[in-house]
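Residue strings, one per chain:
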Amino acid sequence: MSEQIVPTKGNLLSTKKTLELSRSGFELLDRKRNILIREMMALIDRANQLQGKIDKAYEEAYAALQRANITLGIVKELSQTVPVENGLNVAYRSVMGVEIPMVSLQAEKAQVPFGLMSTNILLDRAYLKFDEVKKLTAELAEVENSVYRLANAVKKTQKRANALKNIMIPRFEQTVKTITEALEEKDREDFSRMKIIKRQKASKTA
């Protein structure tokens, strides 16, 4: 045996129990990995869709800003009137023990912060487009961070499952086999010894 374990019935039962627990552990890890992978693949599809939306939103937002700059000049000073976003909230949900972020913005209708006298509708459109970009960016950040966390969890789970399947379970199986063979050999020796003793007793009484 690779590990020096005394071949007793107690050790055999203990090793069989550990082997059974290892097999159950592998099944649970395999199930967990599959659930995490399904969750991750769904989020990857969502991320791809969001990326397409956010690319289009950025393109439209910058085009709207460019039109506003053409009619109003560079709107750097007006941009300082845009309020800082304080409505961002982050909570978490658990997927098989993995903490997944949930990013949200306060559901408020975008209010254009510019005065009517110094701006025009083109700048208002640019502001609303960038507000859309902001919301999509928060959503994409949630999804990408979730994918990253899930990918790390899948990697760790796979590593642990492989260790059980390829190292621990075969080791326990070999130990069970070795102890079983040693006990069977001992039983044969004991049986042979008892036959000899009985034969000797029989010859003495004859």
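Residues numbered from 1 in each chain as written. Predicted model: local features only at pLDDT ≥ 70, side-chain atom pairs only at ≥ 80, totals over all residues. Heavy atoms only, no water.

Participant: Hey, could you go over the environment of K177 for me, with residue numbers and the actual values?
Facilitator: Along the polypeptide, K177 turns up in helix α3 (residues 121–205). Along the sequence, K177 and K16 sit 161 residues apart, while their C-alpha atoms lie 10.0 Å from each other. (Helix = DSSP H or I, 4+ residues; strand = E, 2+ residues; numbered from the N terminus.)

Participant: An account of the packing of aromatic side chains is needed here, citing residue identities and associated values.
Facilitator: What the rule picks out here adds up to 2 aromatic pairs. Judged by centre distance (6.1 Å) and plane angle (15 degrees), the rings of Y58 and Y62 are stacked. A residue pair is termed a helical-turn pair when its members lie 3 or 4 positions apart in one helix, as Y58 and Y62 do in helix α1 (residues 9–72) at 4 residues. Of the residues examined, Y58 reaches a relative accessible area of 32% and is grouped as partly exposed. The class of Y62 is partly exposed, set by a relative accessible area of 49%. Measuring from centroid to centroid gives 5.2 Å for Y62 and F130, while their planes differ by 90 degrees, and the two rings are edge-to-face. Placement of Y62 in helix α1 and of F130 in helix α3 is noted, with a sequence separation of 68 residues between them. Among the residues examined, F130 registers a relative accessible area of 24% and is labelled partly exposed. A connected cluster of aromatic rings, assembled from ring pairs, spans Y58, Y62 and F130. (Phe/Tyr/Trp six-rings, centres within 6.5 Å; stacked < 30°, edge-to-face > 60°. Buried < 20%, exposed > 50% of the residue type's maximum accessible area, 1.4 Å probe, protein only.)

Participant: Account for the side chain of T175, with residues named and values stated.
Facilitator: Locating T175 in the fold gives a position in helix α3. Owing to a relative accessible area of 6%, T175 belongs among the buried residues under this scheme. A distance of 2.9 Å separates a polar atom in the side chain of T175 from the backbone oxygen of R171. (Polar contact = N/O pair within 3.5 Å; in protein donor to acceptor, adjacent residues only side chain to side chain.)

Participant: Lay out the pairing of strand β2 (residues 98–105) in plain terms, naming residues and giving numbers.
Facilitator: Of the strand pairs in this sheet, strand β1 (residues 88–95) and β2 are connected by 8 bridges, and their pairing is antiparallel. The residue bridging V90 from the neighbouring strand is V103, located in β2. Hairpin connection of β1 to β2: 2 residues between the antiparallel strands, including M96 at a positive phi of 50 degrees. (Pairing = 2+ DSSP bridges.)

Participant: Account for the side chain of K32, naming residues and giving values.
Facilitator: One can find K32 in helix α1. No salt bridge is formed by the buried K32; its nearest oppositely charged neighbour, E99, is found at 11 Å. Those residues in contact with K32 that sit more than four places away from it in its chain are M96 and T157. (Lys, Arg positive; Asp, Glu negative; His and termini not counted. Salt bridge = Lys/Arg side-chain N within 4 Å of Asp/Glu carboxyl O. Contact = heavy atoms within 4.5 Å.)

Participant: Run through α1, naming residues and quoting values.
Facilitator: Between its terminal C-alpha atoms α1 stretches 90 Å, which fits the 94 Å expected from 64 residues at 1.5 Å a residue. Directly after α1, the chain includes G73, whose backbone phi takes a positive value near 85 degrees. (Expected span 1.5 Å × (residues − 1).)

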